[in-house]
Amino acid sequence: MSTPTPNTPPERPNESPSNTQDGTVEERVDTTLPDTQPVVDEVEETSATPATNVSLISGENKPRRYRVNNPSFFMQRGYQVLLVLGLIAAFLLVMVYQTLFGRIEQPKQMVTIEKGQTYYGLLPQWQQQIPLFSASVAKLYIKSQMAGSLHAGTYQLPENPTITEALQILGQGAKAAVIKVQIIEGKTSKDLYQVLRDNDKIKKEVLTAESDNASIASALELAGILPDSVTNSGDPIVHYNLEGWFAPDTYYYSEGTTDKKVLTDLYKRQQQALTDAWENRAPNLPYKTPYEALVMASIIEKETSVSEERPIVSAVFRNRLDKGMRMQTDPTIIYGMGSRYDGNIRRRDIDEKTSYNTYQIDGLPPTPIALPSAASIEATLHPADSDALYFVATGNGGHKFTNSLAAHNLAVKDYLSVMREKKSQAAAQ
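Residues numbered from 1 in each chain as written. Predicted model: local features only at pLDDT ≥ 70, side-chain atom pairs only at ≥ 80, totals over all residues. Heavy atoms only, no water.

### Points about the overall build of the protein
Here is step 1 of the chain: In terms of regular secondary structure, the protein is built from 15 helices and 6 strands.
Here is step 2 of the chain: The buried share of the protein, taken over its 429 residues, is 35%.
Here is step 3 of the chain: Within the protein, counting contacts between residues at least 6 apart in sequence, those at least 24 apart form 66% of the total.
Here is step 4 of the chain: Of the roughly 26,800 Å² of accessible surface on the protein, a fraction of 51% belongs to carbon and sulfur atoms. (Helix = DSSP H or I, 4+ residues; strand = E, 2+ residues; numbered from the N terminus. Buried < 20%, exposed > 50% of the residue type's maximum accessible area, 1.4 Å probe, protein only. Contact = heavy atoms within 4.5 Å. Areas by Shrake-Rupley, 256 points an atom, 1.4 Å probe, with all protein chains shown as cover.)

### Looking at the confidence of the model for the protein
Here is step 1 of the chain: Looking at the protein, the pLDDT average stands at 82 and 81% of residues meet or exceed 70.
Here is step 2 of the chain: The model gives residues 1–48 a pLDDT under 50, and that stretch makes 16 contacts with residues more than four places away or in other chains. (pLDDT = per-residue confidence, 0-100.)

### As for helix H12 (residues 330–337)
Here is step 1 of the chain: Across the 8 residues of H12, 6 count as buried, placing the element largely inside the fold.
Here is step 2 of the chain: Looking at H12, one finds that the buried residues are Pro331, Thr332, Ile333, Tyr335, Gly336 and Met337.
Here is step 3 of the chain: Buried residues along H12 sit against helix H10 (290–303) and helix H13 (347–351).
Here is step 4 of the chain: Just past H12, the residue Gly338 takes up positive phi, approximately 65 degrees.

### Concerning helix H6 (residues 189–198)
Here is step 1 of the chain: Three or more residues of H6 are buried, namely Ser189, Leu192, Tyr193 and Leu196. Each buried residue of H6 lies within a common arc of 100 degrees when the element is viewed along its axis, so the set occupies one face. Opposite the buried face of H6, by more than 90 degrees, sit the exposed residues Lys190 and Asp198.
Here is step 2 of the chain: Buried residues along H6 sit in contact with strand E3 (178–182), helix H7 (213–220) and helix H9 (259–279). (Arc of directions from axis to C-beta.)

### Re unusual backbone geometry
Backbone phi values are negative for most residues with the exception of glycine, while trans is the configuration of most peptide bonds.
Here is step 1 of the chain: One non-glycine residue, Tyr240, lies in positive phi territory at about 55 degrees.
Here is step 2 of the chain: Structurally, Tyr240 can be placed in the loop between helix H8 (228–231) and strand E4 (250–254).
Here is step 3 of the chain: Phi is positive for Asn284, which is not a glycine, with a value near 60 degrees.
Here is step 4 of the chain: As for its position among the elements, Asn284 is in the loop between H9 and H10.

### Observations regarding the nonpolar core
Nonpolar side chains in soluble globular proteins generally cluster together in the buried interior.
Here is step 1 of the chain: Counting 51 residues, the largest nonpolar core has Leu242, Phe246 and Leu263 as its most contacted members.
Here is step 2 of the chain: Take this core: its biggest share by element is 8 residues, from H10.
Here is step 3 of the chain: Counting 23 residues, the second largest nonpolar core, distinct from the first, contains Leu123, Ile142, Leu167 and Leu170. (Core = buried A, V, L, I, M, F, W, Y, C linked by side-chain atoms within 4.5 Å.)

### Regarding a nonpolar patch on the surface
Here is step 1 of the chain: Among the surface-exposed residues, Tyr79, Val81, Leu82, Val84, Leu85, Ile88, Phe91, Leu92, Val94 and Leu132 lie close enough to one another that they form a single nonpolar patch of about 950 Å² accessible area.
Here is step 2 of the chain: With respect to the helices, strands and loops of the structure, Leu132 is situated in the loop between helix H3 (123–129) and helix H4 (135–145). (Patch = residues over 30% accessible without salt bridge, like charges linked within 9 Å, V, L, I, M, F, W, Y side chains within 5 Å. Salt bridge = Lys/Arg side-chain N within 4 Å of Asp/Glu carboxyl O.)

### Re the pairing of strand E2 (residues 153–157)
Here is step 1 of the chain: E2 sits mainly inside the fold: 4 of its 5 residues count as buried.
Here is step 2 of the chain: Note: strand E1 (residues 109–113) against E2, 5 bridges, orientation antiparallel. Looking at the pairing, Val111 lines up with Tyr155 of E2. (Pairing = 2+ DSSP bridges.)

### Comments concerning the packing of aromatic side chains
Here is step 1 of the chain: The full count for this structure, using the stated rule, is 7 aromatic pairs.
Here is step 2 of the chain: Ring geometry for Phe391 versus Phe401: centroids 5.6 Å apart, planes at 35 degrees, classification tilted. With Phe391 in strand E5 (residues 390–393) and Phe401 in strand E6 (residues 399–402), this residue pair connects regions lying 10 residues apart in the sequence.
Here is step 3 of the chain: Among the residues examined, Phe391 registers a relative accessible area of 14% and is labelled buried.
Here is step 4 of the chain: The structure contains a cluster of three or more aromatic residues connected by ring pairs, namely Trp245, Tyr267 and Tyr291.
Here is step 5 of the chain: Here the basic side chain of Lys139 rests over the ring of Tyr120, its NZ or CZ set 5.9 Å away from the ring centre.
Here is step 6 of the chain: Taking NZ or CZ as reference, Arg281 lies 3.9 Å from the ring centre of Trp278, over its face. (Phe/Tyr/Trp six-rings, centres within 6.5 Å; stacked < 30°, edge-to-face > 60°. Lys NZ or Arg CZ within 6 Å of the ring centre and 35° of its normal.)

### Concerning the side chain of Ser211
Here is step 1 of the chain: The topology assignment puts Ser211 in the loop between H6 and H7.
Here is step 2 of the chain: Owing to a relative accessible area of 16%, Ser211 belongs among the buried residues under this scheme.
Here is step 3 of the chain: There is a polar contact of 2.9 Å between the side chain of Ser211 and the side chain of Arg197.
Here is step 4 of the chain: Within the structure, Ser211 has its side chain in polar contact with the backbone oxygen of Thr208 (distance 2.8 Å).
Here is step 5 of the chain: Once residues within four sequence positions are removed from consideration, Ser211 is found in contact with Arg197, Val206 and Ile216. (Polar contact = N/O pair within 3.5 Å; in protein donor to acceptor, adjacent residues only side chain to side chain.)

Here it is as C-alpha coordinates:
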(Lines give C-alpha, C1' and ligand atoms only; values in the text may rest on other atoms or scores of the structure.)
Protein backbone atom coordinates (compact mmCIF):
# COMPACT_ATOMS: atom_id res chain seq x y z
CA MET A 1 0.00 0.00 0.00
CA SER A 2 1.31 3.52 -0.82
CA THR A 3 0.12 6.99 0.10
CA PRO A 4 0.57 10.25 -1.81
CA THR A 5 3.28 12.62 -0.76
CA PRO A 6 2.27 15.76 1.15
CA ASN A 7 3.52 17.92 -1.71
CA THR A 8 0.96 16.48 -4.09
CA PRO A 9 -2.48 17.93 -3.19
CA PRO A 10 -5.53 16.09 -4.37
CA GLU A 11 -7.50 17.56 -7.28
CA ARG A 12 -10.67 17.43 -5.18
CA PRO A 13 -9.98 18.06 -1.55
CA ASN A 14 -13.38 16.84 -0.50
CA GLU A 15 -13.49 13.84 -2.73
CA SER A 16 -14.86 10.70 -1.25
CA PRO A 17 -12.72 7.62 -0.97
CA SER A 18 -12.31 5.82 -4.24
CA ASN A 19 -10.84 2.54 -5.39
CA THR A 20 -7.29 2.61 -6.72
CA GLN A 21 -6.05 0.67 -9.67
CA ASP A 22 -4.65 -1.97 -7.48
CA GLY A 23 -7.95 -2.44 -5.70
CA THR A 24 -6.90 -0.88 -2.45
CA VAL A 25 -8.99 1.76 -0.74
CA GLU A 26 -7.32 5.11 -0.40
CA GLU A 27 -8.35 7.00 2.68
CA ARG A 28 -7.64 10.66 3.30
CA VAL A 29 -8.80 13.00 5.96
CA ASP A 30 -8.70 16.65 5.03
CA THR A 31 -8.52 19.00 8.00
CA THR A 32 -7.94 22.19 6.05
CA LEU A 33 -11.66 22.97 5.54
CA PRO A 34 -13.43 21.84 8.67
CA ASP A 35 -16.61 23.85 8.04
CA THR A 36 -17.15 22.75 4.45
CA GLN A 37 -19.77 20.06 3.75
CA PRO A 38 -18.57 17.16 1.59
CA VAL A 39 -19.56 17.41 -2.05
CA VAL A 40 -20.82 14.24 -3.58
CA ASP A 41 -19.34 13.52 -6.97
CA GLU A 42 -21.77 12.75 -9.70
CA VAL A 43 -21.08 9.10 -10.32
CA GLU A 44 -22.63 7.38 -13.25
CA GLU A 45 -25.06 4.84 -11.83
CA THR A 46 -24.83 1.44 -13.32
CA SER A 47 -27.83 0.09 -11.41
CA ALA A 48 -31.59 0.53 -12.33
CA THR A 49 -32.31 2.67 -9.30
CA PRO A 50 -34.17 5.85 -10.52
CA ALA A 51 -32.81 9.27 -9.83
CA THR A 52 -34.11 11.08 -6.82
CA ASN A 53 -37.03 13.48 -7.62
CA VAL A 54 -35.74 16.82 -6.43
CA SER A 55 -39.28 18.22 -6.26
CA LEU A 56 -40.10 15.85 -3.47
CA ILE A 57 -37.24 17.30 -1.49
CA SER A 58 -37.77 20.94 -2.32
CA GLY A 59 -41.60 20.78 -2.09
CA GLU A 60 -42.07 22.94 -5.19
CA ASN A 61 -45.28 21.06 -6.28
CA LYS A 62 -46.94 20.98 -2.88
CA PRO A 63 -50.29 22.96 -2.38
CA ARG A 64 -49.68 26.47 -1.30
CA ARG A 65 -50.52 27.07 2.34
CA TYR A 66 -51.75 30.46 3.58
CA ARG A 67 -50.82 31.68 6.88
CA VAL A 68 -53.74 32.80 9.02
CA ASN A 69 -52.36 36.31 9.13
CA ASN A 70 -52.31 36.51 5.32
CA PRO A 71 -54.74 39.36 4.24
CA SER A 72 -55.69 37.53 1.01
CA PHE A 73 -56.99 34.59 3.05
CA PHE A 74 -59.48 36.75 4.93
CA MET A 75 -60.56 38.54 1.77
CA GLN A 76 -61.31 35.26 0.04
CA ARG A 77 -63.35 33.99 2.98
CA GLY A 78 -65.22 37.30 3.20
CA TYR A 79 -66.26 37.16 -0.44
CA GLN A 80 -67.67 33.66 0.06
CA VAL A 81 -69.72 34.75 3.09
CA LEU A 82 -71.04 37.79 1.23
CA LEU A 83 -72.03 35.62 -1.74
CA VAL A 84 -73.99 33.22 0.47
CA LEU A 85 -75.71 36.07 2.30
CA GLY A 86 -76.56 37.70 -1.01
CA LEU A 87 -78.16 34.52 -2.34
CA ILE A 88 -80.21 34.12 0.84
CA ALA A 89 -81.36 37.74 0.69
CA ALA A 90 -82.32 37.38 -3.00
CA PHE A 91 -84.35 34.25 -2.24
CA LEU A 92 -86.17 35.97 0.62
CA LEU A 93 -86.98 38.98 -1.55
CA VAL A 94 -88.38 36.74 -4.30
CA MET A 95 -90.43 34.82 -1.73
CA VAL A 96 -91.89 38.03 -0.26
CA TYR A 97 -92.65 39.40 -3.71
CA GLN A 98 -94.32 36.17 -4.87
CA THR A 99 -96.37 35.95 -1.69
CA LEU A 100 -97.73 39.50 -1.83
CA PHE A 101 -97.68 40.21 -5.56
CA GLY A 102 -97.78 36.80 -7.24
CA ARG A 103 -101.01 36.43 -9.22
CA ILE A 104 -103.69 33.80 -8.61
CA GLU A 105 -104.65 32.31 -11.96
CA GLN A 106 -108.45 32.47 -11.97
CA PRO A 107 -111.16 34.21 -13.99
CA LYS A 108 -113.12 37.17 -12.73
CA GLN A 109 -115.56 35.68 -10.25
CA MET A 110 -117.76 36.09 -7.22
CA VAL A 111 -116.45 34.77 -3.91
CA THR A 112 -118.77 34.15 -0.98
CA ILE A 113 -117.31 34.44 2.52
CA GLU A 114 -119.31 32.58 5.13
CA LYS A 115 -119.86 33.87 8.62
CA GLY A 116 -116.99 32.83 10.90
CA GLN A 117 -114.35 32.55 8.18
CA THR A 118 -111.02 34.29 8.80
CA TYR A 119 -108.30 35.80 6.63
CA TYR A 120 -105.91 33.08 7.78
CA GLY A 121 -108.36 30.41 6.64
CA LEU A 122 -107.89 31.58 3.04
CA LEU A 123 -104.12 31.00 3.06
CA PRO A 124 -104.02 27.22 2.30
CA GLN A 125 -105.86 27.71 -0.98
CA TRP A 126 -103.59 30.57 -2.03
CA GLN A 127 -100.53 28.57 -0.99
CA GLN A 128 -101.43 25.89 -3.54
CA GLN A 129 -101.81 28.41 -6.34
CA ILE A 130 -98.72 30.63 -5.93
CA PRO A 131 -95.12 29.35 -6.20
CA LEU A 132 -92.83 30.26 -3.26
CA PHE A 133 -95.87 31.40 -1.27
CA SER A 134 -95.01 31.95 2.40
CA ALA A 135 -97.85 31.69 4.88
CA SER A 136 -95.68 33.45 7.48
CA VAL A 137 -95.18 36.46 5.21
CA ALA A 138 -98.90 36.55 4.38
CA LYS A 139 -99.86 36.35 8.07
CA LEU A 140 -97.47 39.19 8.88
CA TYR A 141 -99.03 41.31 6.13
CA ILE A 142 -102.57 40.53 7.33
CA LYS A 143 -101.65 41.34 10.91
CA SER A 144 -100.07 44.67 9.98
CA GLN A 145 -102.41 45.83 7.21
CA MET A 146 -105.88 44.31 7.68
CA ALA A 147 -107.81 46.06 10.41
CA GLY A 148 -110.63 44.06 11.96
CA SER A 149 -111.95 40.61 11.10
CA LEU A 150 -113.15 39.16 7.80
CA HIS A 151 -116.82 39.95 7.19
CA ALA A 152 -119.28 37.54 5.60
CA GLY A 153 -120.47 38.58 2.18
CA THR A 154 -120.16 38.05 -1.56
CA TYR A 155 -117.23 39.82 -3.17
CA GLN A 156 -116.27 40.41 -6.79
CA LEU A 157 -112.61 39.47 -7.39
CA PRO A 158 -110.90 40.62 -10.60
CA GLU A 159 -109.17 38.29 -13.04
CA ASN A 160 -105.82 36.94 -11.78
CA PRO A 161 -105.68 39.06 -8.58
CA THR A 162 -102.68 39.32 -6.27
CA ILE A 163 -103.01 38.51 -2.58
CA THR A 164 -102.81 42.20 -1.67
CA GLU A 165 -105.56 43.06 -4.18
CA ALA A 166 -107.81 40.26 -2.92
CA LEU A 167 -107.29 41.23 0.72
CA GLN A 168 -108.06 44.88 0.02
CA ILE A 169 -111.35 43.90 -1.66
CA LEU A 170 -112.30 41.53 1.16
CA GLY A 171 -111.39 44.19 3.70
CA GLN A 172 -114.10 46.46 2.34
CA GLY A 173 -116.74 44.21 3.91
CA ALA A 174 -116.25 45.95 7.23
CA LYS A 175 -117.49 49.21 5.73
CA ALA A 176 -120.98 48.00 4.84
CA ALA A 177 -123.90 46.36 6.59
CA VAL A 178 -124.37 42.75 5.48
CA ILE A 179 -127.64 41.02 4.61
CA LYS A 180 -128.22 37.29 4.25
CA VAL A 181 -129.90 35.68 1.25
CA GLN A 182 -130.58 31.96 1.68
CA ILE A 183 -131.82 29.81 -1.20
CA ILE A 184 -132.42 26.16 -0.31
CA GLU A 185 -131.65 23.39 -2.80
CA GLY A 186 -134.78 22.17 -4.54
CA LYS A 187 -136.69 25.42 -4.12
CA THR A 188 -137.98 27.07 -7.27
CA SER A 189 -137.14 30.32 -9.00
CA LYS A 190 -140.54 31.58 -7.84
CA ASP A 191 -139.41 30.97 -4.24
CA LEU A 192 -136.18 32.84 -4.95
CA TYR A 193 -138.03 35.83 -6.40
CA GLN A 194 -140.24 35.97 -3.32
CA VAL A 195 -137.25 35.89 -0.94
CA LEU A 196 -135.74 38.88 -2.73
CA ARG A 197 -139.05 40.75 -2.88
CA ASP A 198 -139.57 40.26 0.86
CA ASN A 199 -136.11 41.60 1.76
CA ASP A 200 -136.52 45.36 2.14
CA LYS A 201 -132.74 45.87 2.25
CA ILE A 202 -132.38 44.71 -1.36
CA LYS A 203 -133.07 47.34 -3.97
CA LYS A 204 -135.68 46.24 -6.54
CA GLU A 205 -134.82 46.77 -10.18
CA VAL A 206 -136.07 43.54 -11.76
CA LEU A 207 -138.70 42.08 -9.45
CA THR A 208 -141.29 44.80 -9.69
CA ALA A 209 -145.01 44.35 -9.16
CA GLU A 210 -145.55 44.02 -12.90
CA SER A 211 -142.68 41.61 -13.65
CA ASP A 212 -143.25 38.21 -15.22
CA ASN A 213 -141.01 35.53 -16.73
CA ALA A 214 -140.43 37.45 -19.95
CA SER A 215 -139.62 40.77 -18.28
CA ILE A 216 -137.27 39.14 -15.78
CA ALA A 217 -135.38 37.34 -18.55
CA SER A 218 -135.18 40.58 -20.53
CA ALA A 219 -133.97 42.65 -17.54
CA LEU A 220 -131.24 40.10 -16.79
CA GLU A 221 -130.35 39.78 -20.48
CA LEU A 222 -130.59 35.99 -20.21
CA ALA A 223 -133.06 35.27 -23.00
CA GLY A 224 -130.33 33.71 -25.15
CA ILE A 225 -129.79 30.85 -22.72
CA LEU A 226 -133.29 29.44 -23.28
CA PRO A 227 -134.24 27.13 -26.18
CA ASP A 228 -136.79 28.31 -28.73
CA SER A 229 -139.34 25.83 -27.37
CA VAL A 230 -139.32 27.82 -24.12
CA THR A 231 -139.25 31.36 -25.46
CA ASN A 232 -141.97 30.59 -28.03
CA SER A 233 -144.22 28.50 -25.76
CA GLY A 234 -147.81 29.50 -25.27
CA ASP A 235 -147.89 27.92 -21.83
CA PRO A 236 -147.52 30.77 -19.28
CA ILE A 237 -145.54 28.48 -16.95
CA VAL A 238 -143.06 27.57 -19.70
CA HIS A 239 -142.79 30.93 -21.48
CA TYR A 240 -139.37 32.51 -20.75
CA ASN A 241 -139.12 30.45 -17.58
CA LEU A 242 -135.64 30.81 -16.02
CA GLU A 243 -136.20 27.88 -13.66
CA GLY A 244 -133.01 26.04 -12.70
CA TRP A 245 -130.60 28.77 -13.75
CA PHE A 246 -129.88 30.15 -10.25
CA ALA A 247 -127.48 28.39 -7.89
CA PRO A 248 -129.05 27.61 -4.50
CA ASP A 249 -126.86 28.55 -1.54
CA THR A 250 -126.49 31.03 1.31
CA TYR A 251 -125.19 34.43 0.22
CA TYR A 252 -124.21 37.63 1.95
CA TYR A 253 -124.55 41.04 0.34
CA SER A 254 -124.10 44.60 1.46
CA GLU A 255 -127.22 46.55 2.25
CA GLY A 256 -128.60 48.30 -0.82
CA THR A 257 -127.50 45.61 -3.29
CA THR A 258 -129.93 45.33 -6.22
CA ASP A 259 -131.96 42.23 -7.00
CA LYS A 260 -130.44 42.34 -10.49
CA LYS A 261 -126.96 41.88 -9.06
CA VAL A 262 -128.05 39.01 -6.82
CA LEU A 263 -129.82 37.18 -9.65
CA THR A 264 -126.94 37.76 -12.05
CA ASP A 265 -124.43 36.43 -9.50
CA LEU A 266 -126.50 33.30 -8.87
CA TYR A 267 -126.93 32.72 -12.59
CA LYS A 268 -123.18 32.98 -13.24
CA ARG A 269 -122.43 30.48 -10.49
CA GLN A 270 -124.97 28.00 -11.84
CA GLN A 271 -123.74 28.44 -15.39
CA GLN A 272 -120.15 27.77 -14.29
CA ALA A 273 -121.16 24.62 -12.38
CA LEU A 274 -123.11 23.32 -15.39
CA THR A 275 -120.31 24.12 -17.85
CA ASP A 276 -117.66 22.41 -15.73
CA ALA A 277 -119.77 19.27 -15.27
CA TRP A 278 -120.77 19.13 -18.94
CA GLU A 279 -117.16 19.34 -20.14
CA ASN A 280 -116.25 16.35 -17.94
CA ARG A 281 -119.44 14.30 -18.45
CA ALA A 282 -119.53 10.54 -18.78
CA PRO A 283 -119.90 9.09 -22.30
CA ASN A 284 -123.11 7.85 -23.94
CA LEU A 285 -125.58 9.98 -22.02
CA PRO A 286 -129.04 10.69 -23.47
CA TYR A 287 -128.70 14.48 -23.09
CA LYS A 288 -127.98 16.50 -26.22
CA THR A 289 -127.36 19.87 -24.56
CA PRO A 290 -126.28 21.23 -21.17
CA TYR A 291 -129.79 22.61 -20.76
CA GLU A 292 -131.28 19.11 -20.96
CA ALA A 293 -128.82 18.03 -18.26
CA LEU A 294 -129.98 20.97 -16.13
CA VAL A 295 -133.58 19.80 -16.54
CA MET A 296 -132.64 16.31 -15.37
CA ALA A 297 -130.60 17.66 -12.45
CA SER A 298 -133.65 19.54 -11.18
CA ILE A 299 -135.71 16.32 -11.21
CA ILE A 300 -132.98 14.43 -9.31
CA GLU A 301 -132.86 17.27 -6.79
CA LYS A 302 -136.59 16.93 -6.12
CA GLU A 303 -136.55 13.12 -5.95
CA THR A 304 -133.96 12.64 -3.22
CA SER A 305 -132.21 14.61 -0.53
CA VAL A 306 -129.82 11.72 0.25
CA SER A 307 -126.51 12.62 -1.37
CA GLU A 308 -125.34 9.06 -2.00
CA GLU A 309 -128.61 8.24 -3.80
CA ARG A 310 -128.28 10.94 -6.43
CA PRO A 311 -126.08 8.93 -8.86
CA ILE A 312 -128.42 5.92 -8.59
CA VAL A 313 -131.52 8.02 -9.24
CA SER A 314 -129.63 9.49 -12.19
CA ALA A 315 -128.97 5.97 -13.47
CA VAL A 316 -132.68 5.05 -13.21
CA PHE A 317 -133.75 7.98 -15.37
CA ARG A 318 -130.93 7.44 -17.85
CA ASN A 319 -131.93 3.78 -18.20
CA ARG A 320 -135.57 4.70 -18.73
CA LEU A 321 -134.74 7.27 -21.38
CA ASP A 322 -132.43 4.81 -23.14
CA LYS A 323 -135.26 2.25 -23.29
CA GLY A 324 -137.85 4.80 -24.46
CA MET A 325 -139.80 4.53 -21.20
CA ARG A 326 -141.58 7.50 -19.72
CA MET A 327 -139.91 8.98 -16.65
CA GLN A 328 -143.10 8.96 -14.53
CA THR A 329 -141.82 11.17 -11.73
CA ASP A 330 -144.27 12.81 -9.31
CA PRO A 331 -142.44 16.17 -8.93
CA THR A 332 -143.16 16.92 -12.60
CA ILE A 333 -146.90 16.51 -11.92
CA ILE A 334 -146.68 19.00 -9.06
CA TYR A 335 -144.74 21.60 -11.06
CA GLY A 336 -147.16 21.39 -13.98
CA MET A 337 -150.12 22.01 -11.65
CA GLY A 338 -148.63 25.32 -10.53
CA SER A 339 -150.68 27.11 -7.88
CA ARG A 340 -153.36 24.40 -8.07
CA TYR A 341 -151.26 21.95 -6.10
CA ASP A 342 -152.60 21.60 -2.54
CA GLY A 343 -150.22 18.99 -1.16
CA ASN A 344 -151.90 15.89 -2.62
CA ILE A 345 -151.58 14.06 -5.95
CA ARG A 346 -154.81 12.41 -7.04
CA ARG A 347 -155.54 9.99 -9.88
CA ARG A 348 -156.95 12.84 -11.98
CA ASP A 349 -153.72 14.74 -11.48
CA ILE A 350 -151.70 11.78 -12.76
CA ASP A 351 -153.98 11.47 -15.78
CA GLU A 352 -153.91 15.18 -16.60
CA LYS A 353 -151.65 16.05 -19.52
CA THR A 354 -149.70 19.20 -18.79
CA SER A 355 -146.46 20.48 -20.30
CA TYR A 356 -144.57 18.87 -17.40
CA ASN A 357 -146.43 15.66 -16.42
CA THR A 358 -143.95 12.91 -17.32
CA TYR A 359 -146.65 10.29 -16.81
CA GLN A 360 -148.29 11.73 -19.92
CA ILE A 361 -145.40 13.09 -22.02
CA ASP A 362 -142.34 11.41 -23.47
CA GLY A 363 -138.84 12.42 -22.53
CA LEU A 364 -137.91 15.44 -20.45
CA PRO A 365 -140.21 18.31 -19.44
CA PRO A 366 -139.59 21.63 -21.28
CA THR A 367 -137.73 23.37 -18.42
CA PRO A 368 -136.19 22.45 -15.08
CA ILE A 369 -138.64 22.11 -12.21
CA ALA A 370 -136.41 23.40 -9.38
CA LEU A 371 -133.07 24.99 -8.57
CA PRO A 372 -130.62 22.06 -8.59
CA SER A 373 -127.44 21.94 -6.55
CA ALA A 374 -124.01 21.40 -8.07
CA ALA A 375 -124.11 17.88 -6.61
CA SER A 376 -127.26 17.02 -8.55
CA ILE A 377 -125.76 18.44 -11.76
CA GLU A 378 -122.68 16.31 -11.21
CA ALA A 379 -124.79 13.19 -10.53
CA THR A 380 -126.77 13.81 -13.72
CA LEU A 381 -123.64 13.75 -15.84
CA HIS A 382 -122.01 10.89 -13.89
CA PRO A 383 -124.75 8.32 -13.18
CA ALA A 384 -124.02 5.18 -11.21
CA ASP A 385 -123.35 1.89 -12.97
CA SER A 386 -126.78 0.39 -12.31
CA ASP A 387 -129.53 -1.39 -14.28
CA ALA A 388 -132.28 -0.16 -11.95
CA LEU A 389 -135.47 1.09 -13.62
CA TYR A 390 -137.66 1.81 -10.60
CA PHE A 391 -137.41 3.25 -7.11
CA VAL A 392 -139.82 4.02 -4.33
CA ALA A 393 -139.48 5.48 -0.85
CA THR A 394 -138.95 3.03 1.99
CA GLY A 395 -140.87 5.07 4.54
CA ASN A 396 -137.83 5.05 6.80
CA GLY A 397 -135.57 7.35 4.80
CA GLY A 398 -134.09 6.69 1.40
CA HIS A 399 -135.43 4.62 -1.48
CA LYS A 400 -135.66 1.01 -2.66
CA PHE A 401 -134.21 0.50 -6.18
CA THR A 402 -135.36 -2.41 -8.34
CA ASN A 403 -134.77 -3.74 -11.87
CA SER A 404 -138.24 -5.12 -12.66
CA LEU A 405 -141.85 -4.03 -12.35
CA ALA A 406 -142.71 -7.06 -10.19
CA ALA A 407 -139.97 -6.22 -7.70
CA HIS A 408 -141.05 -2.59 -7.76
CA ASN A 409 -144.65 -3.50 -6.92
CA LEU A 410 -143.46 -5.48 -3.91
CA ALA A 411 -141.40 -2.50 -2.78
CA VAL A 412 -144.49 -0.29 -3.11
CA LYS A 413 -146.48 -2.71 -0.92
CA ASP A 414 -143.73 -2.61 1.70
CA TYR A 415 -143.79 1.17 1.66
CA LEU A 416 -147.56 1.30 2.10
CA SER A 417 -147.36 -1.18 4.98
CA VAL A 418 -144.74 0.96 6.75
CA MET A 419 -146.84 4.09 6.29
CA ARG A 420 -150.00 2.38 7.64
CA GLU A 421 -148.10 1.21 10.70
CA LYS A 422 -146.74 4.71 11.36
CA LYS A 423 -150.21 6.17 10.96
CA SER A 424 -151.71 3.71 13.46
CA GLN A 425 -148.91 4.43 15.96
CA ALA A 426 -149.53 8.13 15.63
CA ALA A 427 -153.27 7.64 16.20
CA ALA A 428 -152.62 5.54 19.29
CA GLN A 429 -150.54 8.27 20.83
